[in-house]
Amino acid sequence: MTLRITEGLAASVPALEEAMRVFRGPDLPDEDGLRWLWPAGVMAAALWDHETWDVLAARHVRLARESGQATAVPLALTQRVAVDVFAGELADAEALVEEITTVSEAIGSPPPLYGALLVTAWRGREAEGAALRRAVAAEAASRGEGKVLTVGTWAMALLANSLGRYEEALAAVPDAGEDRPADVGAAPWALVEYIEAAVRSGAPGRAAAALRRLTEVTVPAGTGWALGVHARSQALTPQEAQIVRLVREGLTNPEIGARLFISPRTVEWHLRKTFAKLGITSRKQLQRSGATGER
């Protein structure tokens, strides 16, 4: 984990993959599992390895339940919630959130809220999501848990995107546009939401730094999940961005083709792709959208 933080994902992939094999193996003592399966799951997620994350989370929940340590159960279940959410198993995730609340009440401890926040965001429950976001922020501030804040901002960006409120999504993760390495945890997923919001709001240029940061943690992982997210998040290609700029300058397809040394038919093909990415259907909408083509 230290290597991932200090040197980046590309340098740490071999060591992390070896660690995942150890944590998945049969020789891991139960005591070590209870102690280390949470951070191991975080690293599996950082590797975009959902299969391993699933295995580790299931093992963590089983060990927590079998250990008789009720205080270990809510945290283990929370990781299981995240695994289920990414698998699209929202009903299962919601049931686990209820179990987290029940167990936490039984042991007299406040329940960890980020599992509930994830389910709420994925369900598109705006009012409940806002209330949970405030509660999560307060809890994180009291405990000094910056990573919880990251989960909260990512969830709020996702919720805003799902409601078509792209400026709100951008505002939810303002540091996503900074040109620096992505943090561990939920930060890469926040970048995904920021990129989508930038493109859908007609300003793909705002996504450039976020896309570079996302590329640093998806391409080295090389999993289907990572590469799929990367492909989805590339927004406009440089040529598409040039065409957007020229359309806004009022050039016709033949004029754009002559400027870029491509055929008018190729210009039209790029425009169709661009319209789909921006959620529009015409040149007039493109001109009104504010898309600049800058990257």
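A brief structural summary. (Residues numbered from 1 in each chain as written. Predicted model: local features only at pLDDT ≥ 70, side-chain atom pairs only at ≥ 80, totals over all residues. Heavy atoms only, no water.)

### Quick notes on the overall build of the protein
Secondary structure summary: the protein contains 17 helices and 0 strands in total. Classification of the 295 residues of the protein by burial places 48% in the buried group. Restricting the contact set of the protein to residue pairs at least 6 apart, pairs at least 24 apart contribute 62%. Per element, the accessible surface of the protein, about 14,000 Å² overall, is 54% carbon and sulfur. (Helix = DSSP H or I, 4+ residues; strand = E, 2+ residues; numbered from the N terminus. Buried < 20%, exposed > 50% of the residue type's maximum accessible area, 1.4 Å probe, protein only. Contact = heavy atoms within 4.5 Å. Areas by Shrake-Rupley, 256 points an atom, 1.4 Å probe, with all protein chains shown as cover.)

### Side note on the packing of helix H2 (residues 9-24) against helix H3 (residues 30-46)
For the pair H2 and H3, interaxial distance at closest approach is 10 Å and the crossing angle is 135°. One finds that H2 runs oblique with respect to H3. With respect to the hand of their crossing, H2 and H3 are arranged in left-handed fashion. For the pair H2 and H3, the contacting residues are Leu9, Leu16, Met20 and Phe23 in the first and Trp36, Leu37, Ala40, Met43, Ala44 and Ala46 in the second. Each residue belonging to the contact of H2 with H3 can be placed in one class, and the counts come to 10 nonpolar, no polar and no charged. (Axes fitted to C-alpha atoms, helices over the stretch in contact; angles between N-to-C directions. Parallel < 35°, antiparallel > 145°, perpendicular 65-115°, else oblique. Left-handed = near helix turned anticlockwise from the far one by under 90°. Nonpolar A, V, L, I, M, F, W, Y, C, P; charged D, E, K, R; others polar.)

### Quick notes on unusual backbone geometry
At tryptophan 48, a position not held by glycine, the phi torsion is positive, near 55°. Among the secondary structure elements, tryptophan 48 is positioned in the loop between H3 and helix H4 (50-67). Positioned with a positive phi, phenylalanine 261 is a non-glycine residue whose angle comes to about 60°. With respect to the element layout, phenylalanine 261 can be found in the loop between helix H15 (253-260) and helix H16 (264-278).

### Some words on the packing of aromatic side chains
Taken as a whole and assessed by the stated rule, the structure comprises 11 aromatic pairs. Judged by centre distance (4.8 Å) and plane angle (45°), the ring pair of tryptophan 154 and tryptophan 189 falls under tilted. Within this pair, whereas tryptophan 154 is found in helix H9 (residues 146-162), its partner tryptophan 189 is found in helix H11 (residues 187-200), the two being separated by 35 residues in sequence. Judged by relative accessible area, which is 2%, tryptophan 154 ranks as buried. Taken together, the ring pairs connect Trp48, Trp53, Phe86, Trp122, Trp154, Trp189 and Trp225 into an aromatic cluster. (Phe/Tyr/Trp six-rings, centres within 6.5 Å; stacked < 30°, edge-to-face > 60°.)

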